[in-house]
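This is what each chain is made of:
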Amino acid sequence: MAEFVRVDSSTSGHTMDKSITLPPDEIFRNLENAKRFAIDIGGSLTKLAYYSTVQHKVAKVRSFDHTTKEATGDNLYEISVQEEVTARLHFIKFENAYIETCLDFVKDHLVNTETKVIKATGGGAHKFKELIERKLGLKVDKEDEMTCLIKGCNFVLRNIPHEAFVYAKHADSEFRFQTTQPDIFPYLLVNIGSGVSIVKVESEDKFERIGGSSIGGGTFWGLGALLTKTKRFDELLQLASKGQHTSVDMLVKDIYGGSYGSLGLTGDLIASSFGKSATADKEFSKEDMAKSLLHMISNDIGQLACLYAKLHNLSRVYFGGFFIRGHPVTMHTITYSINFFTKGEVQALFLRHEGYLGAIGAFLKGAEEDNPNQYSWGENYAGSSGLMSVSPDMNPMQRARSGTFDMLEMDRLEGKLVNLPLLQDASSYIPDTVDLTEDAHAREYWLYCFEEALDGVVKRAVASQPDMPEAAERAEKFRQKYRHKLQTLRHQPFAYGSLTVRSLLDTREHCLNEFNFPDPYSKIKQRENDMALKYYQKAVKCLDELSWEERQFALVRGVLAGNVFDWGAKAVSDVLESDPEFGFEQAKRQLEERPWLVDSYDQWFERLKGPPHKCAMFFVDNSGVDIILGVMPFVRELLSRGTEVVLASNSGPALNDVTNGELQILTESIAAMDPVIQAGLREDRLTLVQSGSSSPCLDLSRLDKVLAMVVRERKTDLVIIEGMGRAIHTNYYAMLRCESLKMAVIKNSWLADRLGGKLFSVVFKYEVPAPSQHSAALTPS
Amino acid sequence: MDKAKSMIDKKGASGPFHVNNCQSQRGFHANGSCCSSNTFGSSTGGPNSSTFENMHHLHRGDDAECNGSPAKRCRLRRRTESLRRSRPPFPWFGMDIGGTLVKLVYFEPVDITAEEEQEEVENLKSIRRYLTSNVAYGKTGVRDVHLELRNLTMCGRTGNLHFIRFPTQAMHHFIQMGRDKNFSSLHTTLCATGGGAYKFENDFRTMADLELLKLDELDCLIRGLLFVDRVSFNGHPEGYYFQNPSDTQSCVKTTCTLDNPFPMLLVNIGSGVSILAVYSENNYKRVTGTSLGGGTFLGLCCLLTGCETFEEALEMASKGDSTNVDKLVKDIYGGDYERFGLQGSAVASSFGHMMSKEKRDSISKEDLARATLVTITNNIGSIARMCAVNEKIERVVFVGNFLRINTVSTKLLAYAMDFWSKGQLRALFLEHEGYFGAVGALMELLKTTEDP
């Protein structure tokens, strides 16, 4: 059964005693635009969901009209900050004790009068129906719990990378997050509320309750309360975590004196739960009884789940319900049980946002006309609380209090995000090279590194908005927010899934957006683009004078030298800031001499002697020198060889990375100077697409749908990924079904050290997939 | 008609000797004093050969010189055995030492000749008298008189098979008694199965100078079960099931035998539970088990109600109402949960009402005992049903001492099997519930001493 537990009478008494720990307007955000409410009232927690819109400042670039050009001096394009409205889903979780206070607050801030209905689910929905209708003036419309649960589950599995995880109590990191599967179905959901429901989910709309058990969370709570005279569920779990079940349970060795070898049953196995309490004439401690009860129930549920998984031939089994809900003790015992009964064939999976599933589902039921499932959604790290610490040492009581208000925000992304069709195995693709949740040393460094860089980022943000006097104040708020996130991550590296350099960068971008710094580098990018453009023709001319062989090498060096110009890298931003004249030529001298740290240039060069590629997809990195003097000449050469080129750039700003909007203007002005580029554009052999991302890194499993379509249509046979963020922090190990080229300069001495190189070491990784049917065509004759 | 049936039953009663081809010959032709070497062995013939097949073999064996045929081998063995006269000396015991209970079967020969009587040593006589003239031993030992198998022929001897049990906790008293009665002077091996055979082996040796022959409990369970079913329960079938299990009014206990017993899912509910898929007497696998068994029922009952014995716990359970403790589907939905086809009367959460303090304060011990019993029983039923479906076996046989004097559970299991499988599965029960392991151990005694 789903969550049927009513409010414990002991907590409902002092509703008003507790004060809300955060200012309510930081919890119930964007209420003024809120519409489509949903509420899920469980045994102890209420989850409120609403859809709202957020006004963002976004930086837009626009080409100057030639007629007005003289008025603006040297600039190629203008930057304007515009208001953009994006859709955001808000989910707030709080204790039932706060329900009245919260409803009052929501009522006071509710402006939108179109809203007439609130979707409701959960066992407490009918109990609070009257209260909700009275307080909010909305009609309560009840939705089936299980349907909501499944809808919510599908939604998070589809939209939140690292939603599911395996729990391993004794491993270096307790959480092992799972990569998003391209196809989330079929799966088994074992919902452990007061009872247990086992549901097989085959598609968005097709699911079936295939079984269940009456021995669930209610049994643990009810029986536990009787045995230990302990009232609260959390307290029972705490007792259990301190107890020894072996004094209450009859083990195999209590019967056999050792193991039952012929059946492979070890001596420590429980033969009979509570078996000793039937015979031993003594008092048992509360802790020991609670522990024995926890084992009994977890093992029983695990066994049933395995039997159903086997019968229906399912290997993905998710566990949820209030019995699980982030409690390390129950996740551990359930995991243990599943491992025991399936001998490791099935893994117990848990969900980061498990507590929100019902609310998300109820919301989706009410929002069907908005078609939320046709979009991709992304977790807004700035507005989401993240997973609570579940360190076993931590008192569950403290956990409950510190988690008084928990929030999840999901931003609607433009269109739907899909896999790069060229991934060798989409289901095993992991974008990130290093998982900082597992690598404590690397985690220490990067958290320190991002904290160190914070001053610079704040300075940059303020400088980007010289006309806005309150920018300094906002920037300060940004600093606090991001520093707080970093502190949280220091203690709970798993808060938003696996901690990676990418997630640290993305969190920073989310926080900047939160405080209306949509593009702190816009001015710098503009200046550098303008400067680099002036040098373009000269650079191309120099290259054209080289022999073919020399040119190929010079082009690669050009891309690499261009990549040194990166404001995202601390080592470089110091240099760039102190010496704006730091030139392209100087950068080339700074580069490591061959052989590089990773050097497959010879193979690449051999390959170039062969037939041209059909189509190259180039994931570009920085603005300025990088894109204009490094990438464009390289693209020009590819076009001259007869290769079509698709340039993929970010949809939105991140650091000084070139955005799709900027790149369009840049490409046009280069085309005006360069007939090769011009012809490419005219003949549609040079195309620009947006990646769908606003991150300095690259997740090849979440790309814009159009990009994927272009890849397929043009029969792309070469993928080029440039830069530290896209080719080293992510995708370093990505395996593609076509040739790939990963180029980057290491601009971080710690990372260089880690990889066995030094500052400005070069990674040039040219890879050809293992021979397959079409490899013959690619081999140079 | 009745007469014919009773004839068959009677043949069934001497069944063990029909079951194995060689013995069948013996059973019909040889003189009673000579016992087949492999009555309970498996070297020849199928364990589930029918009487008819046996007679067929008998015929072949008589008129043909089949080289190496079972019949020939049997004759050879008979010859060697008759030379050795290797029937094990009395007393004949089989013992199953479980986690909670020790089950003891004792074969009391009733065909003792005057000569034998004279030869019989005094302590052997005293053991026989002690066991057969009492129904209770010490504070905790009990003889289940109603289960006694009378006039049974085993190994060429006729006698009564007695069924005795006592708590495993009293094991050391038992061993001491064995020492005091100088048991070791009678014979050196005592066939024992169950975990205690391993756990107490050393105690038997050091305290009473007794050597245990340790036997696998599942082997013994299956062998004993098939044997008792074959010999029948004093002329009546050993097995039973419930007709109309889903209707408490017309639910009737109906006897039956395990004709063509294979494959069967055997659910042995002792302190814990083992679930076996049995394909033949010697071909079976342990599918799974659960730690929620009889020990859990009694253990929780003791903690929740302060009771001390299984009988007390069951007595309380029989008077209680579990719906005061368990949360039902209708307690949550006001009726059936139609979306999932769940009846309102189905238990949604065992002990679910006990989350509320008011309900905890107002509950009776009887209700708690009943809820514990229902919870454990339903859970076993649920796991057994899933195993039956996974193993594609339709017949589920429940045994073990948890079912002793426990009609609440047997009826509930019968109902659960029938209801949740929509009539596909049938639950069968056996009268000697928990004693099959001990019987199997005794059979091993008779077999091993005769093996070359």
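Since we're looking at a predicted model, the values are computed, not measured.

Asks: Please explain the overall build of chain A as it appears in this structure.
Replies: Looking only at helices and strands, chain A features 28 helices and 25 strands. A buried classification covers 62% of the 781 residues belonging to chain A. Total accessible area on chain A is roughly 29800 Å²; 49% of this is exposed by carbon and sulfur atoms.

Asks: Please explain the sheet that holds strand 4 (residues 117-121) of chain A as it appears in this structure.
Replies: Hydrogen bonds between backbone atoms are what pair the strands of a sheet, whose relative direction is either parallel or antiparallel. Residue and element names in this part refer to chain A. With mixed pairing, seven strands are arranged side by side in an open sheet as 5-4-1-2-3-16-15. Edge positions in the open sheet fall to strand 5 (139-142) and strand 15 (377-379), since each of these has one partner strand only. Pairwise comparison of adjacent strand axes, ignoring direction, gives a mean angle of 30° for this sheet. Bridge count between strand 3 (residues 77-95) and strand 16 (residues 405-412): seven bridges; the pairing is antiparallel. Pairing of Arg88 across the sheet is with Asp411, part of strand 16. Each of strand 2 (45-63) and strand 3 touches helix 23 (residues 660-673); the most contacted strand, strand 2, lies at about 15° to it.

Asks: Is there a simple way to think about the domain arrangement of chain A in this case?
Replies: Residues and elements named next belong to chain A. The domain boundaries assigned to chain A delineate domain 1 (24-64 + 74-160 + 358-412), domain 2 (164-248 + 284-351), domain 3 (419-515) and domain 4 (523-767). Look at where the C-alpha atoms of domain 1 and domain 2 centre, and you get two points 27 Å apart. For the pair domain 1 and domain 2, the summed buried surface comes to about 2100 Å²; carbon and sulfur atoms form 67% of the total. In this structure, the connection of domain 1 to domain 2 is made through two salt bridges. Applying the counting criterion to the domain 1 and domain 2 interface returns two residue pairs in polar contact (both at pLDDT 80 or more). Contributing elements (two or more residues each) for the side of domain 1 that touches domain 2: helix 5 (145-159) and helix 13 (396-402). Sort the elements by how many residues they give to the side of domain 1 that touches domain 2 and helix 5 lands first, with nine residues. Here the side of domain 1 that touches domain 2 is composed, by residue class, of 11 nonpolar, five polar and four charged.

Asks: Where do I start with the environment of Phe323 of chain A in this structure?
Replies: Residues and elements named next belong to chain A. Counting through the fold element by element, Phe323 comes out in the loop between strand 13 (316-320) and helix 11 (328-342). With a relative accessible area of 0%, Phe323 lands in the buried category. Dropping the residues within four chain positions of it, Phe323 is found in contact with Ile192, Gly217, Phe220, Phe233, Leu294, Ile297, Ser298, Ile301 and Thr330.

Asks: Explain the domain arrangement of chain B to me, please; I cannot follow it from the model alone.
Replies: Think of interface size as the accessible area that goes away when the parts come together; that is how it is often given. Residue and element names in this part refer to chain B. By domain assignment, chain B separates into domain 1 (85-230 + 437-448), domain 2 (239-320 + 364-430) and domain 3 (326-362). The C-alpha centroid of domain 2 is placed 27 Å from the C-alpha centroid of domain 1. Taken together, the contact pairs 15 residues of domain 1 with 19 residues of domain 2. Buried surface at the junction of domain 1 and domain 2, both sides included, amounts to about 1400 Å², of which 61% is carbon and sulfur. If you sort the residues of domain 1 by the area they bury against domain 2, Ile222, Leu225 and Asp229 come out on top, with a joint share of 36%. Across the contact surface, domain 1 and domain 2 share three salt bridges. Notably, a salt bridge pairs Glu281 with Arg230, separated by 3.8 Å at the nearest N-O pair. The tally of links from domain 1 across to domain 2 stands at four residue pairs in polar contact (both at pLDDT 80 or more). Of all the elements, helix 11 (residues 217-231) adds the most residues to the side of domain 1 that touches domain 2, at nine residues.

Asks: Explain the pattern of salt bridges here, please?
Replies: Opposite charge on two side chains allows them to pair when their charged atoms are near. Residue and element names in this part refer to chain A. Enumeration according to the criterion identifies 73 salt bridges over all chains in this entry. When the shortest N-O distance is used, the salt bridge between Arg88 and Glu514 registers 4.0 Å. Note that Arg88 is positioned in strand 3 and Glu514 in helix 16 (residues 501-514), a separation of 426 residues in sequence. Like Arg88, the residue Glu514 is buried in the burial classification. Note that Arg726 is salt-bridged to Asp621, the shortest N-O span being 3.1 Å. Of this pair, Arg726 sits in helix 26 (residues 724-729) while Asp621 sits in the loop between strand 19 (615-619) and helix 22 (625-641); the two residues are 105 residues apart in sequence, bridging distant segments of the chain. Of the residues examined, Asp621 reaches a relative accessible area of 3% and is grouped as buried. Each member of the salt-bridge network shares a partner with another, and the members are Arg29, Arg88, Glu409, Asp411 and Glu514.

Asks: So what exactly am I meant to see when it comes to the interface of chain B and chain A here?
Replies: With 59 residues of chain B in contact, the opposing surface of chain A contributes 56 residues. Here chain B and chain A share an interface that buries about 4700 Å² over both sides, 63% of which is from carbon and sulfur atoms. In this assembly, chain B and chain A are joined by one salt bridge. For Lys310 of chain A, the salt bridge is made with Glu391 of chain B, and the minimal N-O distance between the two is 3.9 Å. Our enumeration of links across chain B and chain A arrives at 19 residue pairs in polar contact (both at pLDDT 80 or more). If you list the elements that add at least two residues to the side of chain B that touches chain A, you get helix 9 (195-199), helix 11, strand 13 (284-290), helix 12 (294-305), helix 14 (329-333), strand 15 (347-349), helix 15 (357-362) and helix 16 (365-391) of chain B.

Asks: Where do I start with the packing of aromatic side chains in this structure?
Replies: The geometry of an aromatic ring pair is captured by the separation of the ring centres together with the interplanar angle, meaning the angle of the planes. Residue and element names in this part refer to chain A. Enumeration according to the criterion identifies 57 aromatic pairs over all chains in this entry. Both rings, one in Phe37 and one in Tyr50, keep their centres 5.4 Å apart while their planes meet at 35°; by these two values the pair is tilted. Here Phe37, found in strand 1 (residues 35-41), pairs with Tyr50, found in strand 2; they are 13 residues apart in sequence, far enough to count as distant. The same class applies to Phe37 and to Tyr50, which are both buried. For the pair Phe91 and Tyr356, a centre-to-centre distance of 6.2 Å together with 55° between the ring planes defines the contact as tilted. In this pair, Phe91 is assigned in strand 3 and Tyr356 in the loop between strand 14 (347-351) and helix 12 (357-366), connecting sequence segments 265 residues apart. Of the two residues, Phe91 and Tyr356, neither departs from the other in class, the shared state being buried. By the ring-pair criterion, three or more aromatic residues cluster together here, those being Phe165, Tyr167, Phe175, Phe177, Phe319, Phe350 and Phe494.

Asks: Help me understand the side chain of Ser693 of chain A in this model?
Replies: Residues and elements named next belong to chain A. You can see Ser693 is positioned in the loop between strand 21 (686-690) and strand 22 (703-704). Of the residues examined, Ser693 reaches a relative accessible area of 13% and is grouped as buried. From its side chain, Ser693 meets the backbone nitrogen of Ser695 in a polar contact 3.0 Å long.

Asks: Would you mind showing me how to read the sheet that holds strand 16 (residues 395-399) of chain B here?
Replies: All names here are of chain B. Spatial ordering of the open sheet is given by 10-9-17-16-11-12-13, a layout of seven strands whose pairing is mixed. Among the strands making up the open sheet, the edge pair consists of strand 10 (252-256) and strand 13. This sheet shows a mean twist of 30° between the axes of neighbouring strands, independent of strand direction. For strand 12 (residues 273-278) and strand 13, the ladder comprises six bridges, and the chain directions are antiparallel. Within strand 13, the residue paired with Val278 across the bridge is Tyr284. Where helix 16 meets the sheet, its contacts fall on strand 11 (264-269), strand 12, strand 13 and strand 16, and the angle it forms with strand 13 comes to roughly 145°.

Rules and cut-offs
- Per chain, residues are indexed from 1 in the order of the written sequence.
- In the order they appear in the text, chains get letters beginning with A and ligands get numbers beginning with 1.
- Note on the predicted model: pLDDT of at least 70 is required for a residue's local features to be given, and 80 or more for side-chain atom pairs to be given and counted; whole-chain, interface and lining totals, by contrast, use all residues.
- Excluded from the side-chain calculation are hydrogens and water; included are all heavy atoms of the structure.
- Starting at the N terminus, helices and strands are each numbered in turn, a helix being any DSSP run of H or I of at least four residues and a strand any DSSP run of E of at least two.
- Exposure categories follow from relative accessible area, calculated using a 1.4 Å probe and restricted to protein chains: below 20% of the type maximum is buried, above 50% is exposed, and the middle band is partly exposed.
- Each accessible area is a Shrake-Rupley result for a 1.4 Å probe, and residues are judged covered by the shown protein chains and nothing else.
- Strands were regarded as paired on the criterion that DSSP finds at least two bridges between them.
- Think of each axis as a best-fit line through the C-alpha atoms, taken over the contacting stretch in the case of a helix, with angles from 0 to 180 degrees between the N-to-C directions.
- Contacts were defined at the residue level, with two residues in contact if any of their heavy atoms lie within 4.5 Å.
- Residue ranges assigned to the domains are those given by an automatic or database domain assignment.
- Computed with a 1.4 Å rolling probe, the buried area is the accessible surface lost when two parts are put together, summed over both parts.
- Any Lys or Arg side-chain nitrogen located within 4 Å of an Asp or Glu carboxyl oxygen qualifies as a salt bridge.
- We define a polar contact as two N or O atoms separated by no more than 3.5 Å, with the added condition that, inside protein, one atom must be a possible hydrogen donor and the other a possible acceptor, whereas residues neighbouring each other in sequence contribute only through side-chain atom pairs.
- Ten residue types, Ala, Val, Leu, Ile, Met, Phe, Trp, Tyr, Cys and Pro, are classed as nonpolar, four, Asp, Glu, Lys and Arg, as charged, and the remainder, Gly among them, as polar.
- Geometry of aromatic contacts follows a simple scheme: Phe, Tyr and Trp rings, the Trp one being its six-membered ring, pair when their centres are within 6.5 Å, and the pair is stacked under 30 degrees between planes, edge-to-face over 60, tilted otherwise.

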